[in-house]
Amino acid sequence: MSGIRSRTPRPNHYILVVFDSCRYDSLIRARPHIIRKLGRVERRWSYASWTAPSHFNLLMGLMPHSSPKHVFASEYYKKDLLRFNERLGCEKVSFEALVPRLYLPPFLKDCLGYETHALVSLPVLNPKTPLNAGFDSYRLMEKHNDMRAMLREMHFPEERPSFWLLNVGETHYPYALPDEPEDQWPRLHGLHGVFKHFDDARPGGKLARRGQSFFNRAKMSELRDRQIAAVKHLDKVVEELFDLVPNDTYITITSDHGELFGEEGYFGHGPIQHEKVFEVPFVEGKLR
Ligand SMILES: [Zn+2]
């Protein structure tokens, strides 16, 4: 050994923020000032219509797609994974490098020396699920709707790069802000009994057309406005996130799937085949 080591720059810290259930048009209508500092908000498509498979896909390293034409899926996957080299500020990410596990957290941890952390809001992603593979820490937050509480958990050691997955729940039904008393949350007949556990086990479906017991246009409009208000709130929390992170931090903000607010008789997400359940916002960049 010569004693002189070429100093390789540390890869970027990387934060993947998932606004659970946030529709693309809800984010656009909220007109966020801070989130837009990352770059242009793209309209993309989730690979899945509900939380668990969508997060699995994100953690495989495949972000919501652009629905490209005239290209083989395998070529698109490979090209999309290469984008991680810009996110991480290195040249070590490829489809081949991820084989055979095809899962980002253990790759970041074992091959690139990252600390890997997840803070999740939805119990369907809880730490006992297989999604936890390769994470140094993986925590279900006490409240399903408090991104600000996540910021208090975040830390960035100087000597190692960090990866943080933040699954944010303010944009999930009932689109409640953390300081809103639970007895003031909206109630949809037949939903809150299940949703009180936020287990996402019955995330959506076709609403009854006859009886109109909960297909109520005014109610749907109110719920949609609440999701937009949640994004406005999160824009302020994202500003606090931007203030918190060190230099050389790359941030992606997206959502795991969309949400239906009464279109064609649907509410929510999950067992729904509709454009709006796949349409998601996508924005990313490095601040400084
Ligand atoms: Zn979700």
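Shown above is the structure to which this text applies.
This structure is a prediction, so every number in the text was calculated from the model and none was measured.

Reading the values: rules and limits
- Residues numbered from 1 in each chain as written.
- Predicted model: local features only at pLDDT ≥ 70, side-chain atom pairs only at ≥ 80, totals over all residues.
- Heavy atoms only, no water.
- Helix = DSSP H or I, 4+ residues; strand = E, 2+ residues; numbered from the N terminus.
- Buried < 20%, exposed > 50% of the residue type's maximum accessible area, 1.4 Å probe, protein only.
- Contact = heavy atoms within 4.5 Å.
- Areas by Shrake-Rupley, 256 points an atom, 1.4 Å probe, with all protein chains shown as cover.
- Polar contact = N/O pair within 3.5 Å; in protein donor to acceptor, adjacent residues only side chain to side chain.
- Donors = N, O, S within 2.8 Å, 3.2 Å for Na, K, Ca; no water.
- Expected span 1.5 Å × (residues − 1).
- Phe/Tyr/Trp six-rings, centres within 6.5 Å; stacked < 30°, edge-to-face > 60°.
- Lys NZ or Arg CZ within 6 Å of the ring centre and 35° of its normal.

A.B. asks: Mind showing me how you'd approach the overall build of the protein here?
C.D. replies: Within the protein, the regular secondary structure consists of 9 helices and 10 strands. Every one of the 288 residues in the protein was classed for burial, and the buried ones make up 56%. Long-range pairs, those at least 24 residues apart, make up 72% of the contacts in the protein between residues at least 6 apart in sequence. Surface summary for the protein: the accessible area is close to 13,600 Å², and the carbon and sulfur share equals 51%.

A.B. asks: Even after reading the chapter, I still don't get the environment of His257, so can you show me in this structure?
C.D. replies: Tracing the chain through its elements places His257 in the loop between strand 7 (249–254) and strand 8 (260–261). Using a relative accessible area of 0% as the deciding quantity, one classes His257 as buried. In the structure, His257 is positioned 207 residues away from Trp50 in sequence and 6.0 Å away in space, judged by C-alpha atoms. Residues contacting His257, with those up to four places away along its chain left out, are Asp20, Ser21, Cys22, Ser46, Ala48, Ser49, Trp50, Thr51, His269, Val277 and Val280. One polar contact links His257 to Asp256, side chain to side chain, over a distance of 3.1 Å.

A.B. asks: Would you mind showing me how to read the coordination of the zinc ion here?
C.D. replies: For a metal bound by four donors in tetrahedral geometry, the ideal donor-metal-donor angle is 109.5 degrees, whereas six donors in octahedral geometry ideally sit at 90 or 180 degrees. Around the zinc ion, the protein contributes the donor atoms Asp20 (OD), Asp20 (OD), Thr51 (OG1), Asp256 (OD) and His257 (NE2), which lie 2.0 to 2.8 Å from the metal centre. Written as a sequence motif, the donor arrangement for the zinc ion is D-x30-T-x204-D-H. Of this pair, Asp20 sits in the loop between strand 1 (13–19) and helix 1 (24–29) while Asp256 sits in the loop between strand 7 and strand 8, and the two are 236 residues apart along the sequence. Its relative accessible area of 0% is what places Asp20 among the buried residues. For Asp256, a relative accessible area of 0% gives the class buried.

A.B. asks: Sorry if this is basic, but what is going on with helix 8 (residues 217–244) here?
C.D. replies: For an α-helix the count is 3.6 residues per turn, leaving residues at separations of three or four pointing the same way. The end-to-end C-alpha separation of helix 8 is 41 Å, in line with the 40 Å expected for 28 residues at 1.5 Å each. The opening residue of helix 8, the one whose side-chain oxygen lies 2.9 Å from the backbone nitrogen of Ala218, is Asn216.

A.B. asks: Can you help me understand helix 2 (residues 51–59) in this one?
C.D. replies: The element helix 2 is extensively covered by neighbouring structure, given that 7 of its 9 residues are classed as buried. Residues Thr51, Ala52, Ser54, His55, Asn57, Leu58 and Leu59 constitute the buried set of helix 2. Trailing helix 2 by a residue or two, Gly61 shows a phi angle of about 100°, which is positive.

A.B. asks: How should the environment of Arg40 be read in this particular structure?
C.D. replies: As for its placement among the helices and strands, Arg40 is situated in the loop between helix 1 and strand 2 (42–45). Each C-alpha atom of the pair Arg40 and Glu284 lies 8.0 Å from the other, and the pair is 244 residues apart in sequence. With residues up to four places along the chain from it excluded, the contact list for Arg40 reads Phe282 and Val283.

A.B. asks: Explain the packing of aromatic side chains here, please?
C.D. replies: Two aromatic rings, taken as a pair, are described by how far apart their centres are and by the angle between their planes. All chains considered together, the criterion is met by 12 aromatic pairs. Taken together, Tyr14, Phe84, Phe135, Tyr138, Phe163 and Tyr250 form an aromatic cluster joined through their ring pairs. Lying across the ring of Phe282, Arg44 places its NZ or CZ 3.8 Å from the centre.

A.B. asks: Please clarify how unusual backbone geometry should be interpreted in this entry.
C.D. replies: Negative phi is the rule for most residues except glycine; trans is the rule for most peptide bonds. Cis geometry marks the peptide bond from Val99 to Pro100, where omega comes out at 5°. Mapped onto the secondary structure, Pro100 falls in the loop between helix 4 (95–98) and helix 5 (104–112). Across the junction of Tyr173 and Pro174, the peptide omega takes the value 5°, indicating a cis bond. Along the chain, the position of Pro174 falls in the loop between strand 5 (162–168) and helix 7 (192–195). In this structure, Arg31 is a non-glycine residue whose phi angle is positive, near 45°. Positioned with a positive phi, Ser67 is a non-glycine residue whose angle comes to about 55°.

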